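# Architecture at a glance
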Amino acid sequence: MTVPRWRAQLADVLTQLAARRLRATHPDWARAMIKERACLPDNEDPLAWAFGCLRASWVATDSVQALYPVALVAGVAAMTGYEWIGDGSFAAAALLGGVGLALGLISPKRFWVSVLAVGLTVAAVMVFEAFTGLRPSHEVYEHSLASTLRWTLLVMPALAATAVGSFAGRWLRA
Amino acid sequence: MTLRPRAPSRQTRDVLTVLLQRRGEWLHGYELTKLAGLSSGTLYPLLIRLHERGQLEARWVDSAHPGRPERHVYRLSPQGVALARSLEREADHPALRPTQAIG
């Protein structure tokens, strides 16, 4: 099997990108990836190798962890925004699950920070409404402070979603 | 969630098994992916971790084929051999779990 030229060229570019990411912390290993790519037999798909190198460079430097603060703020902001303007329990649950999953995946070490941030966002919005009297126009009823406490139960699905993400994150880093 | 020291992953065991079976030989990355049935994306982080923990030795060798680049090759260090053997024993006798944490 002859590998098409474009695949080989794309594989070279991706392997170089992976090596560049890895070079600062693991220079020998960055060089090893490039040399190994050049030695692949003709019947081997270089693109699969290159994508693997790209993944390895992210895992080995754990660059994904750097995204955590941004993901945390974006996730909480999205949930707060949706809680304020949206009106759909399924979408809200899906958003909560998705944010928890993503945060767990990005940083399994910050498991409890993620669980609390995701699980308590909705309750925090409700408490804000109860204290300030401000509420979105689609909400007819006023929440009492006591009734908002039940929303802290959202910690449970947040915990489940973050746990799934954390296990996946740990598996990917294994 | 606190990340406690945990048992080695299946992929780590597979690589250690292959390296133990071929101890004394220097194997390169592509060869290891084939022997252990792993992708390069799984293999390299694992090799890097084993190397950082002193369980893997790595060196550069000239290619046997003229015109081909040098290669980075690997084998278990004595510490790695001990770990691989303890995992092998554990597989035979599951009650014996190694206390050493690896990835």
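Residues numbered from 1 in each chain as written. Chains lettered and ligands numbered in written order. Predicted model: local features only at pLDDT ≥ 70, side-chain atom pairs only at ≥ 80, totals over all residues.

### Structural notes on the overall build of chain A
- Of the regular secondary structure elements, chain A holds eight helices and zero strands.
- Going from the N terminus to the C terminus, chain A shows its helices and strands as α-α-α-α-α-α-α-α.
- Across chain A, contacts joining residues at least 24 apart in sequence account for 71% of those joining residues at least 6 apart. (Helix = DSSP H or I, 4+ residues; strand = E, 2+ residues; numbered from the N terminus. Contact = placed C-beta atoms within 7 Å.)

### Considerations on the interface of chain B and chain A
- Counting from both sides, the interface comprises 20 residues of chain B and, opposite them, 24 residues of chain A.
- Counting only elements with at least two residues in the side of chain B that touches chain A, the list comes to helix H2 (29-36), helix H3 (40-52) and strand E3 (71-76) of chain B.
- Sorting elements by how many residues they give to the side of chain B that touches chain A places H3 of chain B first, with five residues.
- Class assignment for the residues of the side of chain B that touches chain A results in seven nonpolar, ten polar and three charged. (Nonpolar A, V, L, I, M, F, W, Y, C, P; charged D, E, K, R; others polar.)

### A closer look at the sheet that holds strand E2 (residues 56-61) of chain B
- Read from one edge to the other, the open sheet built from three strands follows the order E1-E3-E2 (chain B), with strand pairing classed as antiparallel. Since the sheet does not close on itself, it has two edges, and those belong to strand E1 (27-28) and E2 of chain B, each with one partner.
- Note that E2 of chain B and E3 of chain B share six bridges and pair antiparallel. Opposite Leu56 of chain B, over in E3 of chain B, you have Leu76 of chain B as the bridge partner.
- Together, E1 and E3 of chain B form the strand contacts of helix H2 (residues 27-38) of chain A, whose direction differs from that of E3 of chain B by roughly 115°. (Pairing = 2+ DSSP bridges. Axes fitted to C-alpha atoms, helices over the stretch in contact; angles between N-to-C directions.)

### Things to note about the confidence of the model for chain A
- For chain A, the average pLDDT comes to 85, and 93% of its residues sit at 70 or higher.
- Between the elements of chain A, mean pLDDT differs from a low of 73, seen in helix H7 (residues 145-148) of chain A, to a high of 93, seen in H2 of chain A. (pLDDT = per-residue confidence, 0-100.)

### Focus on H2 of chain A
- A rise of 1.5 Å per residue sets the reference length of H2 of chain A, with its twelve residues, at 16 Å; its end C-alpha atoms lie 17 Å apart and thus fit the reference within 8%.
- For H2 of chain A, the full list of buried residues reads Trp29, Ala30, Ala32, Met33, Lys35, Glu36 and Arg37 of chain A. (Expected span 1.5 Å × (residues − 1). Buried ≥ 20, exposed ≤ 12 C-beta atoms within 10 Å, placed from the backbone.)

### Examining the nonpolar core
- Counting 36 residues, the largest nonpolar core has Ala18, Trp29, Met33 and Cys53 of chain A together with Val15, Tyr44 and Leu47 of chain B as its most contacted members.
- Ranked by the residues each element gives to this core, the list is headed by helix H3 (residues 46-61) of chain A, at seven residues.
- In contact with Val15 of chain B, other than residues within four places in its own chain, are Leu32, Ala36 and Leu46 of chain B.
- In terms of nonpolar packing, the next biggest core, distinct from the first, is built from 21 residues, Leu101, Val125, Met126 and Ala158 of chain A among them. (Core = buried A, V, L, I, M, F, W, Y, C linked by C-beta atoms within 7 Å.)

### Some thoughts on the packing of helix H1 (residues 5-23) of chain A against H3 of chain A
Residues and elements named next belong to chain A.
- Where H1 meets H3, the closest approach of the two axes is 8 Å, and the angle between their N-to-C directions is 15°. When the axis of H1 is compared with that of H3, the two are roughly parallel. Every pair of crossing elements has a handedness; the one defined by H1 and H3 is left-handed. The residues of H3 that touch H1, namely those facing Arg7, Ala8, Leu10, Ala11, Leu14, Thr15, Leu17, Ala18, Arg21 and Leu22, are Pro46, Leu47, Trp49, Ala50, Phe51, Cys53, Leu54, Ala56, Ser57, Ala60 and Thr61.
- The class makeup of the residues in the contact of H1 with H3 is 16 nonpolar, three polar and two charged. (Parallel < 35°, antiparallel > 145°, perpendicular 65-115°, else oblique. Left-handed = near helix turned anticlockwise from the far one by under 90°.)

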